Amino acid sequence: MVEIYTTNTCTYCVMAKNFMKDQGIEYTEYNISNDADRRTIAIEKYHAQGVPLIVVNDTPIYGFKPDEILRLHKEAPMTVAKNGSDLAQAA
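What counts as what
Residues numbered from 1 in each chain as written. Predicted model: local features only at pLDDT ≥ 70, side-chain atom pairs only at ≥ 80, totals over all residues. Heavy atoms only, no water. Helix = DSSP H or I, 4+ residues; strand = E, 2+ residues; numbered from the N terminus. Buried < 20%, exposed > 50% of the residue type's maximum accessible area, 1.4 Å probe, protein only. Contact = heavy atoms within 4.5 Å. pLDDT = per-residue confidence, 0-100. Core = buried A, V, L, I, M, F, W, Y, C linked by side-chain atoms within 4.5 Å. Salt bridge = Lys/Arg side-chain N within 4 Å of Asp/Glu carboxyl O.

1. Some details on the overall build of the chain
(1) Moving on: Within the chain, the secondary structure is distributed over three helices and six strands.
(2) Moving on: Sequence-ordered secondary structure for the chain, helices as α and strands as β, is β-α-β-α-β-β-α-β-β.
(3) Moving on: In the chain, buried positions account for 30% of the 91 residues.
(4) Moving on: For the chain, long-range pairs separated by at least 24 residues make up 48% of all intrachain contacts whose partners lie at least 6 apart in sequence.

2. Structural notes on the confidence of the model for the chain
(1) Moving on: Residues of the chain with pLDDT of at least 70 account for 84%, and the chain-wide mean is 86.
(2) Moving on: Low pLDDT, under 50, characterises residues 78–91; the stretch is placed with 19 contacts to residues that sit more than four places away or in other chains.

3. Notes on the environment of Y27
(1) Moving on: With respect to the helices and strands, Y27 occurs in the loop between α1 (11–22) and β2 (28–31).
(2) Moving on: Residue classification places Y27 among the partly exposed positions, given a relative accessible area of 22%.
(3) Moving on: Note: C-alpha distance between Y27 and E3 (24 residues apart in sequence) is 5.3 Å.
(4) Moving on: Not counting chain neighbours up to four residues away, the residues in contact with Y27 comprise V2, I4, K17, M20 and K21.

4. What about the nonpolar core?
Across soluble globular proteins, nonpolar side chains have a tendency to be buried as a group.
(1) Moving on: Listed in full, the 12 residues of the largest apolar core are V2, I4, A16, F19, M20, I25, I54, V56, I61, I69, L72 and A76.
(2) Moving on: At the level of elements, β1 (2–6), α1, β3 (53–56) and α3 (66–75) are the ones that each hand at least two residues to this core.
(3) Moving on: The greatest single-element share of this core, amounting to three residues, is contributed by α1.
(4) Moving on: Leave out the neighbours within four places in its chain, and V2 touches M20, I25, E26, Y27, T28, I54, V55, V56 and H73.
(5) Moving on: Grouped together as the second largest cluster of nonpolar side chains are eight residues, Y5, A42, L53 and V55 included.

5. Some thoughts on the side chain of T6
(1) Moving on: As for its placement among the helices and strands, T6 is situated in strand β1.
(2) Moving on: Setting aside residues no more than four positions away along its own chain, T6 makes contact with C13, K17, E29, Y30, N31, I32, S33 and V51.

6. Remarks on the pattern of salt bridges
(1) Moving on: Applying the stated criterion across every chain yields a total of five salt bridges.
(2) Moving on: D58 is the salt-bridge partner of K45, the closest N and O atoms lying 3.2 Å from each other. On the criterion of sequence distance, the pair formed by K45 in the loop between α2 (36–44) and β3 and D58 in the loop between β3 and β4 (59–62) is long-range, its members being 13 residues apart.
(3) Moving on: The residue E68 makes a salt bridge to R71 at a minimum N-O spacing of 2.7 Å. Taken together, the residues E68 and R71, both in helix α3 and three residues apart, mark about one turn of the helix.
(4) Moving on: Sharing partners across several salt bridges, the network here consists of E68, R71 and E75.

Have a look at this one:
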C-alpha cells in the first residue's frame, strides 16, 4: 500500500506522483491542504514537517526520493489470496 500526502502548491509532490505513475506504482493521494484529518495523521503519526510524505506499507519517506520509493515498494510483501489461502509475494 502506497500513500502520498501532498499540498496544492508542491512541485515535488507532482514529480513524485508522475514518477510513481511511470513506474506503475498505484497510490492513494491525500491533499492535506484540503483534508485536516489527514494533515493531523501526517504530523502526529509520521512526524512530517513537509510534503511530499510518501508512505509505503506504513514506512514513511520524507521528500521525493525515487530510489527509496522503488526499494521499499519492491521489498513490501503483498498478501494475495489464492484458492482460499494467503501467499506472501514481493510487490
